[in-house]
Amino acid sequence: MNAPRLVAVGDNCLDAYLTRNQVTVGGNALNVAVQWQRNGWTARYFGAVGADPEGDLVCEAVAATGLDPADVERRSGETAVTLLSDRAGDRHFLLEAFGVGTHYMPSPERYAAAAAADWVHLGTNASPELVRRLVADRVPFSVDLSTAPFALPLAGVPMVFASGPSAPGEPVASLIAALRRAGAGTVVLTCGRRGAYFDDGRVHAFAPATQVEVVDTCGAGDSFIATFITAFCCQHLPAGDALARASAAAAQTCTHLGGFPQPSHPIPDWLPVKYAAVIAGEPAPGVKNGG
């Protein structure tokens, strides 16, 4: 039997931890592809970076993981950058600039490769056009909705991952039901320390979060997604077992900085200069500033 071909499409970013003077490379789609690659699956990553020094850092990190950097498109514009301050593993976003990866639509050659894969995963800020096309072409895929569960067309989408409420008293059933009414076939809801839920209209499953001493939560949800897809869609584990395996993978990611193990680099001298206004607390035009 041939190994499943897995493709992640979409976001990447350069994460700058200002309080640590360190940068890592991540982004949901890229992190998912890296986790597949690290765990021995046949994986590719399709995304875009700008023609800038940030893009050089991302491509170098992609190559170091064993993924093919030629799969990453260089486009006119800026690479996605996230500026964070963090203490005791809690992240505070000062800036999320999505750059040329916003609503990324792969080239015809890359789309053809993705459409021929056994499973495709779309990262956050996915292209609505790409979602509709994958549905129309009957490609098996999932998409990370993150904290914007209804920002994309969901009719016919085979599987969605979304962030749910972490407080024990807050209901999850209503959000799951709304996502399924919107057209999602299978819903996986991750609720932080509370655990994760699965619902495909026939099977309902839950797994508690795996407890661990947290260094950084960045990329934990991406490791969850990567592991759940391989466990459930490729190895055909029962939903509850797949959730438990994914929870353990997410916890492991919380024990190191960044979405996957990678060399630690100091923040380049040019980055604080480029984003000096944001670091000083001033709003940046055309990007999302966190609080």
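Predicted model, so just to flag it, every value in this text is computed and none were measured.

Novice: What's the story with the overall build of the protein chain in this structure? I'm lost.
Specialist: Each helix and strand in the protein chain was counted, giving nine helices and 13 strands. For a compact globule of 291 residues, the expected C-alpha radius of gyration is about 19 Å, and the protein chain comes in at 18 Å, within 12% of that figure. Dimensions of the protein chain along its principal axes, counting C-alpha atoms only, are 55 × 45 × 35 Å. Taken across its 291 residues, the protein chain has 53% of its residues classed as buried. Sequence-distant contacts, at least 24 apart, represent 63% of the contacts inside the protein chain between residues at least 6 apart. Counting every atom, the protein chain has about 12,700 Å² of accessible surface; 54% of that belongs to carbon and sulfur. Where the 20 positive side-chain charges of the protein chain centre and where its 27 negative ones centre are 7 Å apart.

Novice: Quick question: what am I supposed to make of the sheet that holds strand 12 (residues 196-199) here?
Specialist: Paired through their backbone hydrogen bonds, the strands of a sheet run either parallel or antiparallel. Strands sit in the order 5-4-1-8-9-10-11-12-13 across an open sheet of nine strands; the sheet is mixed. With partners counted over all chains shown, the strands left at the sheet margins are strand 5 (72-75) and strand 13 (204-207), one partner each. Across the sheet, the axes of successive neighbouring strands diverge by a mean angle of 15 degrees, strand direction being ignored. Pairing between strand 1 (residues 5-9) and strand 4 (residues 42-50): five bridges, direction parallel. Residue pairing for strand 4: V7 is matched across the bridge by R44. Against the sheet, helix 6 (residues 220-234) engages strand 1, strand 8 (119-122), strand 9 (141-146), strand 10 (159-163), strand 11 (186-190) and strand 12, with an angle of about 150 degrees to strand 10. Along the sheet, helix 7 (residues 239-253) makes contact with strand 11, strand 12 and strand 13, crossing strand 13 at roughly 25 degrees.

Novice: Got a minute to help me understand the pairing of strand 13 in this structure?
Specialist: Looking along a regular strand, one sees side chains alternate from face to face of the sheet. Across the two faces of strand 13 the burial differs, with A205 and A207 buried and H204 and F206 not buried at all. Sheet topology places strand 12 next to strand 13; four bridges connect them, and they run antiparallel. What sits directly across from F198, in strand 13, is A205. The turn joining strand 12 and strand 13, which pair antiparallel and follow one another in sequence, is formed by four residues; a positive phi near 90 degrees is taken by G201.

Novice: Looking at this structure, I do not really get the side chain of H256. What am I missing?
Specialist: Positionally, H256 belongs in the loop between helix 7 and helix 8 (270-274). According to the relative accessible area criterion, H256 is buried, its value standing at 17%. The residues contacting H256, other than those within four sequence positions of it, are V215, D216 and P261.

What counts as what
Residues numbered from 1 in each chain as written. Predicted model: local features only at pLDDT ≥ 70, side-chain atom pairs only at ≥ 80, totals over all residues. Heavy atoms only, no water. Helix = DSSP H or I, 4+ residues; strand = E, 2+ residues; numbered from the N terminus. Rg over C-alpha atoms; globule rule 2.2 N^0.38 Å. Buried < 20%, exposed > 50% of the residue type's maximum accessible area, 1.4 Å probe, protein only. Contact = heavy atoms within 4.5 Å. Areas by Shrake-Rupley, 256 points an atom, 1.4 Å probe, with all protein chains shown as cover. Lys, Arg positive; Asp, Glu negative; His and termini not counted. Charge placed at Lys NZ, Arg CZ, Asp CG, Glu CD. Pairing = 2+ DSSP bridges. Axes fitted to C-alpha atoms, helices over the stretch in contact; angles between N-to-C directions.

By themselves, these observations are geometric and do not establish any function.
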